[in-house]
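Letter by letter, the chains look like this.
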Amino acid sequence: MTALVHRLTPSTLRGRLSLVALATATLLMVILTIAFNAVAQQRLQHQADDELRTRAAAVATTVDTSGTTVRVLETPHDNLLDANVWIYAGRRLLEEPPTAGPLTRVADALTRRGGRRCVTADTRGPLRLCAQPVSGDRSEATVVTALDLSPYRSSADTLLLGSLALDAVMLACTYALTRLAVGRALRPVRTMTDQATEWSAVASEERFGTMRRPAELARLGTSLDALLDRIRTVLRHERQLTGELSHELRTPLSRIIAELDWWQARPRSTAQTRATHKVIAKAADSMCTICDTLLDDARDGTLTAPGTAEVLPTLRHLAELLELPSYLAITTDVPQLTAGVPPALLERIVSPLLTNACRYANSSVTVRAYRGPDGVRIDVIDDGPGVPPRFAEQLFQPGRRADPGDGHSGAGLGLPLARRMARSASGEVTYDPGQAPGARFVVSLPAG
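Criteria and thresholds
- Residues numbered from 1 in each chain as written.
- Predicted model: local features only at pLDDT ≥ 70, side-chain atom pairs only at ≥ 80, totals over all residues.
- Heavy atoms only, no water.
- Helix = DSSP H or I, 4+ residues; strand = E, 2+ residues; numbered from the N terminus.
- Buried < 20%, exposed > 50% of the residue type's maximum accessible area, 1.4 Å probe, protein only.
- Contact = heavy atoms within 4.5 Å.
- Areas by Shrake-Rupley, 256 points an atom, 1.4 Å probe, with all protein chains shown as cover.
- Pairing = 2+ DSSP bridges.
- Axes fitted to C-alpha atoms, helices over the stretch in contact; angles between N-to-C directions.
- Patch = residues over 30% accessible without salt bridge, like charges linked within 9 Å, V, L, I, M, F, W, Y side chains within 5 Å.
- Salt bridge = Lys/Arg side-chain N within 4 Å of Asp/Glu carboxyl O.
- Lys, Arg positive; Asp, Glu negative; His and termini not counted.
- Charge placed at Lys NZ, Arg CZ, Asp CG, Glu CD.
- Core = buried A, V, L, I, M, F, W, Y, C linked by side-chain atoms within 4.5 Å.
- Arc of directions from axis to C-beta.
- Disulfide = S-S within 2.5 Å.
- Polar contact = N/O pair within 3.5 Å; in protein donor to acceptor, adjacent residues only side chain to side chain.

(A) Representation of the overall build of the protein chain in the model. In terms of helices and strands, the protein chain carries 10 helices and 14 strands. The buried share among the 448 residues of the protein chain stands at 36%. Within the protein chain, residue pairs in contact and separated by at least 24 positions form 62% of the contacts whose partners lie at least 6 positions apart. By element, 57% of the accessible surface of the protein chain is carried by carbon and sulfur atoms, the whole surface being about 25800 Å².

Written as structure tokens, this is what we have:
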């Protein structure tokens, strides 16, 4: 039974609302039709009773009750008055219609009950009988009149059929107009749904909030705007993570390719092959560490993995992994300086800064680690051309480069990645515009 109901229930909101409106209108029409026809039948019956009493009053004028004996006076055209009329003196029948038949028993019973009463009989079709007492000074009489109810019943049936036909027309119009009205009301919703689907596919900046709409659609537009913002944020994070992974994995992957090309160039000894395998394994391990670090950060934007890193050994290991030039100088004021972040995270924060410094330096790159007022600080300084002042505000924006045609490869993701990773560990990466010549970046991290 439940499955049948589910199959019969419309699948669209428009169909369901139209069905609800139709059911409500049907219930209302049934109630109104029953009430209307009941009132109409009652009214027709009252009309019949009024006509019977009028005839009885006319017949009563021909009944003489002034004496001890009730007499029926003869009047012109009394045959019209005598049609379906019974006259009683007390309970004794004085006159009856020629073709009364079984109706006389109904008239007798009505007279015995006394008073002004009416009753309906179905002996020879629907008939209505009313008794009218006639009081005199010395005697009493009762006049009973009958009326055929067939015309009244026919009128009632006609009214019933007419009301049913009107109900059918009204219900059909209600259903059609409801579907039309609901369809027009839901058209903006369908349009907004299509637009939201289109905008979400391309991460568009278009939103519904600037358009004038009814209050209900305005709330829907606000909800869709929030959903589109979340989708755009997710897509932006996805593209950012993809770009950062490709940016960070490029160096170890290039090393693997270079080692394989060198090994395949000509036959190598066992020692050389073993050395190549060692370099490849080291690069692969570096790639695994990069992936783990970036994915951990991408989960919730906060790196909570416990760990501390000895700054000087970690920086030297990073320089070895990156195969940086020999002019790189790493110094520290505190030999046992410890940062409150895992070594892998420290490498990921400093790596883009070192790579950029070596890329743009003329002859000198200095990395200096020292204890700051709020933890550990690491300065990365080069003697290159520095950052153009007009570009300083855009320095940490993803995908932005001061001079894309400077002949250096890069996607503009390294500095934003370094700052984001530092902030995820409650640290910071800043640029010192007062450094001259060259550029100076400062990494601030909590102490271990």
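(B) Representation of the sheet that holds strand 3 (residues 85-89) in the model. Taken in spatial order, the 5 strands make up an open sheet running 4-3-7-6-5, and their pairing is antiparallel. Here the strands that pair on one side only, and so sit at the sheet edges, are strand 4 (92-95) and strand 5 (117-121). This sheet shows a mean twist of 25 degrees between the axes of neighbouring strands, independent of strand direction. Along the sheet, helix 2 (residues 13-60) contacts strand 3, strand 5, strand 6 (127-135) and strand 7 (140-148); its crossing angle with strand 7, the most-contacted strand, is approximately 140 degrees.

(C) Structural context of a positive patch on the surface. Taken together, the side chains of Arg 14, Arg 184, Arg 187 and Arg 190 define a basic patch exposed on the protein surface. A per-element tally of the positive patch places helix 5 (residues 150-202) first, with 3 residues. Relative to the assigned elements, Arg 14 resides in helix 2. Under the relative-accessibility criterion, Arg 14 is labelled partly exposed at 33%.

(D) Looking closely at the nonpolar core. Within the largest apolar cluster, 43 residues are counted, with the highest numbers of intra-cluster contacts made by Leu 354, Ile 378 and Phe 441. At the level of elements, helix 8 (311-322), strand 9 (328-332), helix 9 (343-360), strand 11 (365-372), strand 12 (375-382), helix 10 (414-424), strand 13 (428-431) and strand 14 (439-445) are the ones that each hand at least two residues to this core. Looking at this core, the element that brings in the most residues is helix 9, giving 8 residues. With near-sequence residues (within four places) excluded, Phe 441 lies in contact with Leu 353, Ile 378, Asp 379, Val 380, Val 387, Leu 395, Phe 396, Leu 415, Thr 430 and Tyr 431. Among the nonpolar cores identified, the runner-up in size contains 12 residues, and Tyr 88, Ala 100, Leu 110 and Leu 129 belong to it.

(E) Region of interest: helix 4 (residues 103-113). Of the positions making up helix 4, those classed as buried are Leu 103, Thr 104, Ala 107, Leu 110 and Thr 111. Buried positions in helix 4, seen along its axis, are confined to an arc of 120 degrees and lie on one side of it. Pointing more than 90 degrees away from the buried face of helix 4 are the exposed residues Arg 105 and Arg 113. Buried residues belonging to helix 4 abut strand 3, strand 4, strand 5, strand 6 and strand 7. Among the residues trailing helix 4, Gly 114 stands out with phi positive, at a value near 75 degrees.

(F) Molecular detail of the state of the cysteines. Under the criterion given, the structure shown has 1 disulfide. Linked covalently through their sulfurs, Cys 118 and Cys 130 form a disulfide whose S-S length is 1.9 Å. When the S-S torsion is 110 degrees, as for the bridge of Cys 118 with Cys 130, the disulfide is right-handed. Remark: Cys 130 occurs in strand 6 and Cys 118 occurs in strand 5; sequence separation between them is 12 residues.

(G) Spatial organisation of the side chain of Ser 18. By the secondary structure assignment, Ser 18 is in helix 2. On the basis of relative accessibility, which here comes to 0%, the residue Ser 18 falls in the buried class. At 2.8 Å, the side chain of Ser 18 and the backbone oxygen of Arg 14 are in polar contact. Beyond its immediate sequence surroundings of up to four residues, Ser 18 is in contact with Tyr 175, Thr 178 and Arg 179.

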